[in-house]
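Chain by chain, the residues:
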Amino acid sequence: MTSVDDAVATDAGGTGHPGGPARVDLVFEPGERRVRVPHGVTLFDAASWNGIAIDSTCGGHGTCKKCKVRVLDAPGDPSELDARAFTPDELRQGWRLACRAQAVTDARVDVPPLATRPKAATVGVGRQVILRPAVQKRYLELAEPSLSDQVTDAERVLAALDDLEPRIDLDVLRTLGRVLRAADYRVTAVVVDDVLIGVEPGDTTGRRFGIAFDLGTTTVVATLLDLSTGTPAAVASVLNAQQPFGADVISRISATMLDPAALDRLRSLAQQTLAGLAAEVCAQGGADPAEVYEVALAGNATMTHLVLGIDPEPLGMAPFIMATRLFPEVLAADLGIAVHPRARAVVFPAFGAYVGGDITAGLLASGMDRDARIRLFVDIGTNCEIVLGNREWLLATAAPAGPAFEGAAIRCGMRAADGAIEVVTMTAEKCELTIIGDAEPAGLCGSGLVDAVTGLVKLGLLDPSGRFVPEERAAALAPGLAGRLTRLGEERVFVLHWLGSPGDVAHSIYLSQRDVRELQFAKAAIATGWRILLEEAGLEPRDIQQVLLAGSFGSYLSPANAIRLGLVPEIGVLRVVSAGNVAGEGAKMALLSLRERAGGLALLEEVRYVELSDRADFNDRFVAQLPFPG
């Protein structure tokens, strides 16, 4: 990556910061990464500019307090924010928030390892499809040219492909003659849609692959598909490398507005993520990257704009305009993916700025447009996409749920990685936890947050308004848990796990009153969204026959708890289905079937988008949904 010296100019005299050196040398550990940065920049920026990932969900703006690093040499005085994030002992040991600590002297900085493999749904609800991929191979045994047969090389190949009738790429022509003659005119033609993208020596008809990508804001999933059989050959997931720019799309859009160079960095990071996953699944599945002839990409509108290098600024402000819904011809190389050099890319179109191509793919996989039942599709995340309807009509909207479900904006929150509390089971006598990876608890992820709040609501320790009940009442309702309901400073908290000695609240994993409010805001936004869609359709909650909980978070969310909190309509729990990674399933279907790909495009004309932000009644309705159901 370009060094900071190349990216940041010094002043004309080269004197740097007044009273300090022009440059500061930092060593990031582990790995002994040595960088030289301008005097006074934050450690967070110094790391981000040099490709060193520091955990953050706010993009370095000082609101999430997750960018914890340990300055090993002369850490300097802590900021006010540091004093709230760390204990006095931790401050003395050099722990600081990277977004607040400035590089003013040469130093070594220890960066805790970032969980780059969050727990993610890699499969989801899909449908059987008739195998008819766009990638076709034909083995050809051609007659050699002679003085009496002077047909050109291109015409000779195209004439033998009379059932496909493709056009030919210029790049193929550049090497066609050499390949034909070296292979004694026994070759395999590779056709994608109506384009001849390659001619390979010998018979390679048994080897053709595609890669389906779900490009999420937090997690990216890739699946290698054997296009000859329609079966997955390998699957992998990884944290989106754009993570240092913030946990949500608004943070990343804001970054491009504040710094013109951020768009190129975000594009590069997204492409690095895709390229790394492509190499990984090819290695796992025993495929040569050159045997991957097509990729499919399902992502929200912002992620799609960023990976293609399209300015996302208009997405971040009213009236929320995309550059385009349908993309021109895109190659895998345009996405930074090192596969066959002329491999095509299928990029799913979006319905609107906040109902993107991942939802188009999800609707395709779930068959919303083919089912007679009235179904509600809910993809829960920072931005919650909601679709209601059946094969006759479909309504879609997006609700600003906020980052609580990703573990952001939660005091002890974290992503769904090893050490995260993912399941919380409460009775009046005990609180039991399930930890991802069977590790020591390190924090609370989204599904654990929902479970914890649901448990407290059921036991009566949280009243319908979301307030913790008085201590005396808690002792009567749940005597075994009353000791966990305590205070940290002036704020009331419920301790889920004591990391230190019992009673040491500061060294515990707890749920705060503010955390409960964050979840209430998220659930109120989602409930308001689907209720407005029901009104648009003239229906009642009881008319919904099935709810699909989509996405990674939806896969691990308890349907019973989702109903109890009011996240979804109050229907039979068996009618609430965890649909999993339906965006990835839709991307796979687009690679396996031209018919399904056409169906995805047709959805653009079948779905009516309902904008919530311009509704005068949204705020009042939002407030009405804040209380927990009685």
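Structure's up top.
Quick caveat, the model's predicted, so the values are computed rather than measured. (Residues numbered from 1 in each chain as written. Predicted model: local features only at pLDDT ≥ 70, side-chain atom pairs only at ≥ 80, totals over all residues. Heavy atoms only, no water.)

A.B. asks: Account for the overall build of the protein chain, with residues named and values stated.
C.D. replies: A count of helical and extended segments in the protein chain gives 18 helices and 27 strands. Here the C-alpha atoms of the protein chain give a radius of gyration of 27 Å, agreeing with the 25 Å that 2.2 N^0.38 yields for 630 residues. Overall, the protein chain is about 100 × 70 × 45 Å in size when its C-alpha atoms are taken along their principal axes. Counting all 630 residues of the protein chain, 54% fall into the buried class. For the protein chain, restricting intrachain contacts to residue pairs at least 6 apart in sequence, the fraction spanning at least 24 positions comes to 65%. With the model as given, the accessible surface of the protein chain reaches about 25900 Å², and the carbon-plus-sulfur share is 51%. Taking the 59 positively charged and 79 negatively charged side chains of the protein chain as two groups, their mean positions are separated by 3 Å. (Helix = DSSP H or I, 4+ residues; strand = E, 2+ residues; numbered from the N terminus. Rg over C-alpha atoms; globule rule 2.2 N^0.38 Å. Buried < 20%, exposed > 50% of the residue type's maximum accessible area, 1.4 Å probe, protein only. Contact = heavy atoms within 4.5 Å. Areas by Shrake-Rupley, 256 points an atom, 1.4 Å probe, with all protein chains shown as cover. Lys, Arg positive; Asp, Glu negative; His and termini not counted. Charge placed at Lys NZ, Arg CZ, Asp CG, Glu CD.)

A.B. asks: For the nonpolar core, give the residues involved together with the corresponding values.
C.D. replies: Within the largest apolar cluster, 86 residues are counted, with the highest numbers of intra-cluster contacts made by Ile211 and Phe213. Here the element with the most residues in this core is helix α8 (residues 262-285); it accounts for ten residues. Ignoring sequence-local partners within four residues, the contact set of Ile211 consists of Ala222, Thr223, Leu224, Ala278, Val281, Cys282, Val292, Glu294, Val295, Ala296, Val339 and Leu591. Within the second largest apolar cluster, 73 residues are counted, among which are Val424, Phe553, Leu565 and Val568. (Core = buried A, V, L, I, M, F, W, Y, C linked by side-chain atoms within 4.5 Å.)

A.B. asks: So what's going on with the pairing of strand β20 (residues 431-435)? Residues and values would help.
C.D. replies: Bridge count for strand β19 (residues 420-426) against β20 is five bridges, and the pairing is antiparallel. Paired with Met426 across the two strands is Cys431, which belongs to β20. (Pairing = 2+ DSSP bridges.)

A.B. asks: Can you tell me about the packing of helix α10 (residues 357-366) against helix α16 (residues 582-592), naming the residues and giving the values?
C.D. replies: Orientation of α10 relative to α16, taken along the N-to-C sense of each, is 75°, at an axis distance of 7 Å. Overall, the two elements α10 and α16 adopt an arrangement that is roughly perpendicular. Across the interface between the two elements, Asp358, Ala361, Gly362, Leu364 and Ala365 of α10 pack against Val582, Ala583, Glu585, Gly586, Ala587 and Met589 of α16. Class assignment for the residues of the contact of α10 with α16 results in seven nonpolar, two polar and two charged. (Axes fitted to C-alpha atoms, helices over the stretch in contact; angles between N-to-C directions. Parallel < 35°, antiparallel > 145°, perpendicular 65-115°, else oblique. Nonpolar A, V, L, I, M, F, W, Y, C, P; charged D, E, K, R; others polar.)

A.B. asks: Which residues make up the environment of Ala417, and what are the values?
C.D. replies: Assignment of secondary structure puts Ala417 in the loop between β18 (394-400) and β19. In this structure Ala417 comes out as buried when scored by relative accessible area, which is 4%. Taking the C-alpha atoms as reference points, Ala417 and Cys445, separated by 28 residues in sequence, lie 8.2 Å from one another.

A.B. asks: If you had to explain helix α6 (residues 170-182) to someone new, which residues and values would you point to?
C.D. replies: Quick reminder: α-helices carry 3.6 residues per turn. Residues three or four places apart thus point the same way. The largest bend along α6 measures about 45° and falls at Leu176. Burial in α6 covers these residues: Val172, Leu176, Gly177, Val179 and Leu180. Next to the buried residues of α6 lie α5 (153-160), β7 (167-168), β8 (186-192) and β9 (195-201). Positive backbone phi, approximately 55°, marks Asp184, located one or two places after α6. (Bend = angle between axes of the 7 residues up to and from the residue.)

A.B. asks: Residue-level account of the environment of Ile168, with values.
C.D. replies: Here Ile168 lies in strand β7. What makes Ile168 partly exposed here is its relative accessible area of 23%. The contacts of Ile168, once residues within four sequence positions are left out, are Ala154, Leu173, Leu176 and Leu196.

A.B. asks: Go over the pairing of strand β12 (residues 231-239) with me, naming the residues and quoting the values.
C.D. replies: For a regular strand, side-chain orientation follows a simple rule: the groups alternate between the two sheet faces. By the bridge criterion, eight bridges tie strand β11 (residues 219-226) to β12 in an arrangement that is antiparallel. Paired with Val221 across the two strands is Ser237, which belongs to β12. Counted along the chain from β11 to the antiparallel partner β12, the turn is four residues long, and its residue Gly230 has a positive phi close to 80°.

A.B. asks: An account of the environment of Gly443 is needed here, citing residue identities and associated values.
C.D. replies: Tracing the backbone through its elements, the reader meets Gly443 in strand β21 (residues 443-444). Residues Gly443 and Gly413, 30 residues apart in the sequence, show an inter-C-alpha distance of 5.4 Å. In contact with Gly443, other than residues within four places in its own chain, are Cys412, Met414, Gly419, Ala420, Ile421 and Ile509.

A.B. asks: How would you summarise the pattern of salt bridges if you had to cite specific residues and measurements?
C.D. replies: Overall, the coordinates contain 32 salt bridges when judged by the stated rule. The salt bridge partner of Arg167 is Glu329, with a shortest N-O separation of 3.9 Å. Residue Arg167 is located in strand β7, and its partner Glu329 is located in the loop between α9 (301-307) and β14 (330-331); the two are separated by 162 residues in the primary sequence. On the basis of relative accessibility, which here comes to 44%, the residue Arg167 falls in the partly exposed class. Residue Glu329 is classed as exposed on the basis of its relative accessible area of 53%. Ionic pairing is found between Glu471 and Arg492, a salt bridge with its closest N-O pair at 3.6 Å. With Glu471 in helix α12 (residues 471-477) and Arg492 in strand β23 (residues 491-498), the pair connects residues that are 21 residues apart, well separated along the chain. Judged by its relative accessible area of 34%, Glu471 is partly exposed. Salt bridges here are not isolated pairs; linked through shared partners, they connect Glu535, Glu536, Arg608, Arg615, Asp617 and Arg621. (Salt bridge = Lys/Arg side-chain N within 4 Å of Asp/Glu carboxyl O.)

A.B. asks: Before we move on, can you summarise the side chain of Asp153 with the specific residues and values?
C.D. replies: With respect to the helices and strands, Asp153 occurs in helix α5. Asp153 sits in the buried class, given a relative accessible area of 18%. Setting aside its immediate chain neighbours within four residues, Asp153 contacts Leu176, Gly177, Leu180, Arg181 and Tyr185.

A.B. asks: Give a description of the sheet that holds β23 that names residues and reports values.
C.D. replies: Across a sheet, paired strands are connected by hydrogen bonds in the backbone, their directions being either parallel or antiparallel. What the three strands build is an open sheet, ordered β22-β23-β24; its pairing is antiparallel. Because the sheet does not close on itself, it has two edges, and the strands there are β22 (485-488) and β24 (508-512). Pairs of neighbouring strands in the sheet enclose a mean axial angle of 55°, with direction left out of account. In the sheet, β23 pairs with β24 via five bridges, with the strands oriented antiparallel. Residue Trp498 lies in a different strand from β24, and its bridge partner there is Ser508.

A.B. asks: Can you explain α16? Please cite residues and give values.
C.D. replies: Of all eleven residues that make up α16, eleven are buried, and the element is covered over most of its length. Along α16, the residues classified as buried are Val582, Ala583, Gly584, Glu585, Gly586, Ala587, Lys588, Met589, Ala590, Leu591 and Leu592.

A.B. asks: Give me the packing of aromatic side chains: which residues, what numbers.
C.D. replies: Following the criterion strictly, the structure yields four aromatic pairs and no others. Ring centres 6.0 Å apart and planes at 80° place the aromatic pair Phe320 and Tyr354 in the edge-to-face group. With Phe320 in the loop between α9 and β14 and Tyr354 in the loop between β15 (344-347) and α10, this residue pair connects regions lying 34 residues apart in the sequence. Look at Phe618 and Phe622: their rings are 6.2 Å apart centre to centre, the planes differ by 25°, and that puts the pair in the stacked class. Pair noted here: Phe618 and Phe622 are both in helix α18 (residues 618-624), with a separation of four residues, about one helical turn. (Phe/Tyr/Trp six-rings, centres within 6.5 Å; stacked < 30°, edge-to-face > 60°.)

A.B. asks: Mind laying out the sheet that holds strand β27 (residues 607-609), listing which residues take part and the relevant values?
C.D. replies: In spatial order, the strands read β26-β25-β16-β17-β18-β27; together these six strands make up an open sheet with mixed pairing. Of all strands in the sheet, those bounded by a partner on one side alone are β26 (576-580) and β27. Taken pair by pair, the neighbouring strands of this sheet meet at an average axis angle of 25°, ignoring direction.

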